[in-house]
Amino acid sequence: MPPDYAGGSIVNLSASVLHALGVDPPNPTCRHLPADLLRGDGGIVLLICDALGLRQFDTALRCGQTPNLKRLVELAPLGLQSLTSVFPSTTTVALTSLNTACTPAQHGMLGHRQWMEELGSLCNMLRFTTETSEPAAFSEEMVRVVPTVHERLADAGVRSFSITASEYEGSAFTSLLSAGSTYVGYRAQSEISHLLAQCIGEAAGMPGFYSVYWPMIDTLAHLYGPATRVDPTSLDQSEVGLAEMEFIDLMVGKVMEVCEREGQTLVVTADHGQIRLAPDRSVTLGEEVAALLNYPPGGGRRALYLSSTNPSDLASLAVFQIDDLLLLTVDDAISRGWYGGDCAPFRTRMGDLIALAQADRQLLFDYGSGMFLQNGGHAGLTEDEMIVPLLVVPFGS
């Protein structure tokens, strides 16, 4: 399932938000949203639930434990819709797209790890440190190449607020995403609706943009696997994810109350989904792979960037001949439109080949601190990873 940057992706949703608030977007608006649907009397509240794929959302609805989400679907004029994520479908790339309305080829964040020629090092793009035995921090200004949604709105005189976990405040990645907004950190889930109401009050009756981010579905799905089983009584690992959805439902109910009272348009979506992984089908890239690499792989366990002076020799290794593992050139992925552009300014960050895990596989590489298995993952192109829900309820209309 490739990204649909022509009008059906999370990039286009953010473009629609800009358009609705009177700002020219850098990409096409979302074809799923009529121009007037987001233009209510109030502002726009965007609730981003990290890793809440459409399948997980649908499973929660069918289990009958999420009455507020069910009501939201019933209230949405267009019902439950869907969007694609970006490629790679991972947090660093997808959240950057949501917060800039730009494709990966435009904003240059291309993976969880990527080579930074300016530093001569593979770098962790969530922590903004070099991937070395003694990690060195670097500034987000090194990768800031496009304005955020918040900066575009600020230039037009529209206030915006980033409501996210207080512990993220001041980190390089958060600073990259929230530039131009007023940062508001919550300390508990129960505080979110209260802070949202305060922010709406600060806008003093003028339309504003309120981005609310909740990360815990992603964290739990990595540990236990995504909640994609329908039977709520089954005693497998999905029950943790379903329990998390019940807590999210409570939060959504409180956020809905604020939006109804204050006349705001509520939009619910995700940056990407997750797929259930089979630890016994993991693939380790060992010494024979490392010997042919210029530096350790970029990306993550579902999609790795490989740089080699001998790409053909690397591709011929037995480890890349197994089933459910696709090896293709970076140039091929670019030509297929996976990045939404030619990536020319950032081509050195990507290497020569992409090892793309399919089905329930995960790719392991020891970066110096050992390897660990996960029960859920993302960054690939399966529907579970790529398709996210979209709900729009214009309470302000």
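A brief look at the structure comes next.

Criteria and thresholds
- Residues numbered from 1 in each chain as written.
- Predicted model: local features only at pLDDT ≥ 70, side-chain atom pairs only at ≥ 80, totals over all residues.
- Heavy atoms only, no water.
- Pairing = 2+ DSSP bridges.
- Helix = DSSP H or I, 4+ residues; strand = E, 2+ residues; numbered from the N terminus.
- Axes fitted to C-alpha atoms, helices over the stretch in contact; angles between N-to-C directions.
- Parallel < 35°, antiparallel > 145°, perpendicular 65-115°, else oblique.
- Left-handed = near helix turned anticlockwise from the far one by under 90°.
- Contact = heavy atoms within 4.5 Å.
- Nonpolar A, V, L, I, M, F, W, Y, C, P; charged D, E, K, R; others polar.

Turning our attention to the sheet that holds strand β2 (residues 81-84). Strand order in the open sheet formed by seven strands is β2-β18-β9-β1-β8-β6-β7, and the pairing between neighbours is mixed. Pairing within the sheet leaves two strands with one partner each, and these edge strands are β2 and β7 (182-186). Direction aside, the axes of adjacent strands within the sheet are offset by 20 degrees on average. Bridge count between β2 and strand β18 (residues 387-394): four bridges; the pairing is antiparallel. The residue of β18 that forms the bridge with Gln-81 is Leu-390.

Two numbers describe how helix α1 (residues 10-20) lies on helix α4 (residues 91-100): the axes approach to 7 Å, and their chain directions differ by 25 degrees. One finds that α1 runs roughly parallel with respect to α4. Remark: the crossing between α1 and α4 carries right-handed chirality. In this structure, α1 contributes Ile-10, Val-11 and Ser-14 to the contact, and α4 contributes Ala-94, Ser-97 and Leu-98. In the contact of α1 with α4, the residues fall into four nonpolar, two polar and no charged.

Take the sheet that holds strand β13 (residues 303-306) next. Ordered in space as β12-β13-β15-β14, the four strands form an open sheet in which the pairing is antiparallel. At either margin of the open sheet sits one strand with a lone partner, and together these are β12 (298-300) and β14 (325-329). On average, adjacent strands in this sheet sit at an angle of 15 degrees to one another, irrespective of strand direction. Pairing of β14 with strand β15 (residues 353-357), which is carried by five bridges, proceeds in the antiparallel orientation. The residue bridging Thr-329 from the neighbouring strand is Leu-353, located in β15.

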